[in-house]
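# Examining the three-dimensional arrangement
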Amino acid sequence: MTSSPQSLHRVNYAAPRSFGTLLKANLKETLFPDDPFHEIKNEPISRRFLKGAQYFVPIFEWLPKYNFKLFKYDLLAGITIASLAIPQGISYAKLANIPPIIGLYSSFVPPLIYAVFGSSKHLAVGTVAACSLLIAAIIEGKVNASDNMPLYLSLVFTATLFSGLVQTALGLLRLGILVDFLSHSTITGFMGGTAIIICLQQLKGMLGLKHFTTHTDVVSVLRAIFHNRKEIMYTRKNASLQKNKKPKLFWVSAIAPMVTVIVGCLFAYFAHAEKHGIQIVGHLSKGINPSSIHLLNFDPKYISAPIKAGVIAAMISLAEGIAIGRSFAIIRNEQIDGNKEMIAIGLMNIFGSFTSCYLTTGPFSKTAVNFNAGCKTAMSNVVMSICMMLTLLFLAPLFSYTPLVSLSAIIMSAMLGLIDYDKAYHLFKTDKFDFCICMAAFFGVSFISMDIGLMLSVGLALIRALLYIARPATCKLGLISETGLYRDVEQYPDANGIAGFLILKLGSPIYFANCNYVRERILRWIRDERSHTISKGNEIEFLLLELGGITSIDITGVETLLEIRRCVQAKGIKMILVNPRLGVLEKLMVTESIDTITKESVFLTIEDAIDACRFSLKCSDHIKTENLAIV
């Protein structure tokens, strides 16, 4: 028994929304998908001001609730990560080819800024190896550190400033979506390739080489190694400690770098190592961060290098810092705001560039130690900062005897943990395209350069995204009689087609980039279906397009729908639209295309469309019968 059209569900043809309403809705969905102010919409103005301050400056939210019980945990965690920050700061400054004291400065001011503006309880602020090497590689293309250290250092501070400005702007404009272009596959490959390069670079310190290459690719580094023959003692630490298989023993991996530095310093001091050809860090002066505002360099002759280094390092450090912060927050069933993190990381790099610091973010090793040490709030960063201040004021000269071989051992130990073999193998087994994206970053960084490798990987990821857009999925639907649901016949072989009907589901926005494909794919479905059904004595009379998966459509897409309608009409087939989304229906109404398609050809459900089509067929057959009777 069929239903009359009056009994069917009605499609809502309300007047299209105005341009202003659409623009506001789209901007809100794009920039504020989390609706951050929903809790204070109906609050008094004073309450709104307080909540707004707590939202933009998170320390106002957690500090009033802070107590001594929490501080006990943060104190232990802060002291622990400070013991890791000292050797890492000196080591990574060495990677960036800047004075070691700059690495210690970078663990004093930035953690204080992050504690005020950061939203993560567990992120520990510090320098990172990948960005240290990246900044050095790009800036040394303009200025050699050994030839002109003051100019080189000024460009490093300028690159840090540009990184901070980019990161803060992305956070304020809520454009975190740009960081998402650095996929997990890209980051995995980039970190792995960077780790290989850094490990090879450290052979300079491990073998005591005097002359070495500044290029950041495997071929150049290996060439430099084979052109040198001097060897000294080789020290190696077990990288498996970084994986923290036993969280209660976190302190083992946490204090290992500091123990290495202390033992190395004692050996170098009592053995007068520098007199025997063993290179040491050299003089480290006391005192906290001097101002570096006057050192920022915007000379047009050099500015391209810090801009390039700053922008690339900004994106990489954001992707790493936010991903690490989210990973540890998930463990505690908590959430962090990515846009707040961008602002916090950006501000600490801006202030850092003014106070003799270079680029910082949230490194994995330090954050893991902070988490396992039991930190409760960002106060652990404040404790670390105070420890670094005391070190700078009283203890810095003691680390001047640190052998470079010790720093190389610390760096290599940390870098070996960044080569994620399991992740790469998982990508190979589950998604070959993601594996190719990962390998493009890995081999590009390893054999060409860090920025080229990154661009190759991101380029492949964008090509993949464009393929998804240009070749949207379509499928034929059939009825599963036991459930009354219409599903993909390829996924559900028991789903049966309806005689006289071809039901297709379109699962992507229709834009100019995929219109030709959508049209040709639909016409191919019709061709294949007709060749199949004609042999059974059936003929396609209705083409049903299920549009529930189409979130938007542009003018070219609308014209494509009209063109498809004309093509199928020429074949004696009527086109029916099912479940169009609000944006699609509004576009059809605004362009007056709905008058061509006719409102009688638009239905809320597939069942309604089939019932109405069958009803119209019966009415048509009845009229034909009556006309024949009259004749």
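Below: a short report on this structure. (Residues numbered from 1 in each chain as written. Predicted model: local features only at pLDDT ≥ 70, side-chain atom pairs only at ≥ 80, totals over all residues. Heavy atoms only, no water.)

What follows is about the overall build of the protein. Broken down by element type, the protein carries 25 helices and six strands. For the protein, contacts bridging at least 24 residues in sequence account for 81% of all contacts bridging at least 6. Here the protein has roughly 30700 Å² of accessible surface; of this, 63% comes from carbon and sulfur atoms. (Helix = DSSP H or I, 4+ residues; strand = E, 2+ residues; numbered from the N terminus. Contact = heavy atoms within 4.5 Å. Areas by Shrake-Rupley, 256 points an atom, 1.4 Å probe, with all protein chains shown as cover.)

Our next topic: the packing of helix H6 (residues 109-117) against helix H14 (residues 338-354). Angle between the axes and distance between the axes: these two values describe a pair of packed helices. Packing of H6 against H14 brings their axes to within 8 Å, and their N-to-C directions diverge by 150 degrees. As judged from the angle between their axes, H6 and H14 are roughly antiparallel. Relative to H14, the crossing made by H6 is right-handed. Within the contact between the two elements, H6 uses Pro 110, Ile 113, Tyr 114 and Phe 117 and H14 uses Lys 340, Glu 341, Ala 344, Leu 347, Met 348 and Phe 351. By residue class, the composition of the contact of H6 with H14 is eight nonpolar, no polar and two charged. (Axes fitted to C-alpha atoms, helices over the stretch in contact; angles between N-to-C directions. Parallel < 35°, antiparallel > 145°, perpendicular 65-115°, else oblique. Left-handed = near helix turned anticlockwise from the far one by under 90°. Nonpolar A, V, L, I, M, F, W, Y, C, P; charged D, E, K, R; others polar.)

Any aromatic ring pair is given by two values, namely how distant the centres are and how the planes are angled relative to each other. All told, the structure shown has nine aromatic pairs when counted by the stated rule. When the centroid spacing of 5.7 Å and the interplanar angle of 70 degrees are considered together, the rings of Trp 62 and Tyr 66 count as edge-to-face. Across the pair, exposure class does not vary: Trp 62 and Tyr 66 are buried alike. With 5.1 Å between their ring centres and 45 degrees between their planes, Phe 328 and Phe 371 make a pair best called tilted. Here Phe 371 lies in helix H15 (residues 364-372) and Phe 328 lies in helix H13 (residues 304-331), a separation of 43 residues in the sequence. Taken together, the ring pairs in this structure connect Phe 442, Phe 443 and Phe 447 into an aromatic cluster. Positioned above the aromatic ring of Phe 428, the side-chain terminus of Lys 432 is 4.8 Å from the ring centre. (Phe/Tyr/Trp six-rings, centres within 6.5 Å; stacked < 30°, edge-to-face > 60°. Buried < 20%, exposed > 50% of the residue type's maximum accessible area, 1.4 Å probe, protein only. Lys NZ or Arg CZ within 6 Å of the ring centre and 35° of its normal.)

A few words now on the pairing of strand S5 (residues 574-578). Of all five residues that make up S5, four are buried, and the element is covered over most of its length. Here strand S4 (residues 542-546) pairs with S5 via five bridges, running parallel. Among the inter-strand pairings, Leu 544 is bridged to a residue of S5, identified as Ile 576. Handedness of the crossover is the feature at issue here: the chain leaves S4, passes through helix H22 (residues 555-570), returns alongside S5, and the resulting connection is right-handed. Relative to strand S6 (residues 602-603), S5 is paired through two bridges, and the arrangement is parallel. Paired with Val 578 across the bridge in S6 is Phe 603. (Pairing = 2+ DSSP bridges. Right-handed = clockwise from strand over helix to strand, strands pointing away.)

Bringing the pairing of S4 into the picture now. Burial analysis of S4 places five of its five residues in the buried class, the great majority of the element. Where strand S3 (residues 501-506) and S4 come together, five bridges link them in parallel fashion. Across the sheet, the residue bridging to Leu 502 is Leu 543, located in S4.

Glancing now at the sheet that holds S5. Pairing in this open sheet of six strands is mixed, and the strands run S2-S1-S3-S4-S5-S6 from one edge to the other. Across the chains shown, the open sheet's two edge strands, defined by having one partner strand only, are strand S2 (485-488) and S6. In the packing of H22 onto the sheet, the strands contacted are S4 and S5, and the crossing angle to S5 comes to about 145 degrees.

As a further point, take the nonpolar core. As a rule of thumb, soluble globular proteins bury nonpolar side chains together. In this structure, Ile 98, Ile 101, Ile 102, Ile 139, Tyr 152, Phe 190 and Met 415 are the most contacted members of the largest nonpolar core, which totals 99 residues. When residues in this core are grouped by element, the largest group, 10 residues, is from H13. If sequence neighbours within four positions are ignored, Ile 139 has contacts with Tyr 152, Leu 155, Val 156, Ala 159, Ala 305 and Ala 309. Among the nonpolar cores identified, the runner-up in size contains 32 residues, and Val 11, Ile 522, Ile 550 and Leu 577 belong to it. (Core = buried A, V, L, I, M, F, W, Y, C linked by side-chain atoms within 4.5 Å.)

Below, the discussion takes up a nonpolar patch on the surface. Taken together, the side chains of Ile 288, Ile 386, Leu 390, Leu 393, Phe 394, Leu 395 and Leu 398 make up a nonpolar region of the molecular surface, amounting to roughly 630 Å² of accessible area. Here Phe 394 is to be found in helix H16 (residues 379-395). (Patch = residues over 30% accessible without salt bridge, like charges linked within 9 Å, V, L, I, M, F, W, Y side chains within 5 Å. Salt bridge = Lys/Arg side-chain N within 4 Å of Asp/Glu carboxyl O.)

Turning to the state of the cysteines, a few remarks are in order. Throughout the structure, instances matching the rule amount to zero disulfides. With no disulfide of its own, Cys 436 lies closest to Cys 438 among cysteine sulfurs, the gap being 9.8 Å. (Disulfide = S-S within 2.5 Å.)

Looking at the element boundaries, Gln 167 is found in helix H8 (residues 149-172). Dropping the residues within four chain positions of it, Gln 167 is found in contact with Ala 314, Ser 317, Leu 318, Met 342, Ile 343, Ile 345, Gly 346 and Asn 349.

Here we come to the pattern of salt bridges. Counted by the stated rule, this structure contains 10 salt bridges. A salt bridge links Lys 505 to Glu 546, with the shortest nitrogen-to-oxygen separation between them at 3.2 Å. Separated by 41 residues along the polypeptide, Lys 505 in strand S3 and Glu 546 in strand S4 bring together distant segments of the chain. Between Arg 519 and Glu 520 there is a salt bridge, with the nearest N and O atoms lying 3.5 Å from each other.

This paragraph deals with H15. Within H15, seven of the nine residues are buried, which leaves the element mostly enclosed by the surrounding structure. Along H15, the positions that sit buried rather than exposed are Ser 365, Lys 366, Thr 367, Ala 368, Val 369, Asn 370 and Phe 371. At the exit of H15 stands Gly 374, carrying a positive phi of roughly 95 degrees.

A separate point is the environment of Lys 121. Residue placement: Lys 121 occurs in the loop between H6 and helix H7 (129-139). Taking relative accessible area as the criterion, Lys 121 reaches 39% and is therefore assigned partly exposed. Expressed as a C-alpha distance, the spacing of Lys 121 and Gly 325, which sit 204 residues apart in the sequence, is 8.4 Å. Discounting residues that sit within four places of it in the chain, Lys 121 has contacts with Glu 334, Asn 370, Cys 375, Lys 376, Thr 377 and Ala 378. At 3.3 Å, the side chain of Lys 121 forms a polar contact with the side chain of Glu 334. (Polar contact = N/O pair within 3.5 Å; in protein donor to acceptor, adjacent residues only side chain to side chain.)

This part takes up the packing of H13 against H14. Look at H13 against H14: their axes get within 10 Å of each other, and the N-to-C directions meet at 130 degrees. What the angle tells us is that H13 and H14 run oblique. The hand of the H13/H14 crossing is right-handed. Contacts from Leu 318, Ile 322 and Arg 326 in H13 reach Gly 338, Glu 341, Met 342 and Ile 345 in H14. Taken together, the residues of the contact of H13 with H14 sort by class into four nonpolar, one polar and two charged.

So, on to the environment of Pro 580. On the secondary structure map, Pro 580 appears in the loop between S5 and helix H23 (582-590). By relative accessible area, which is 12% here, Pro 580 ends up buried.

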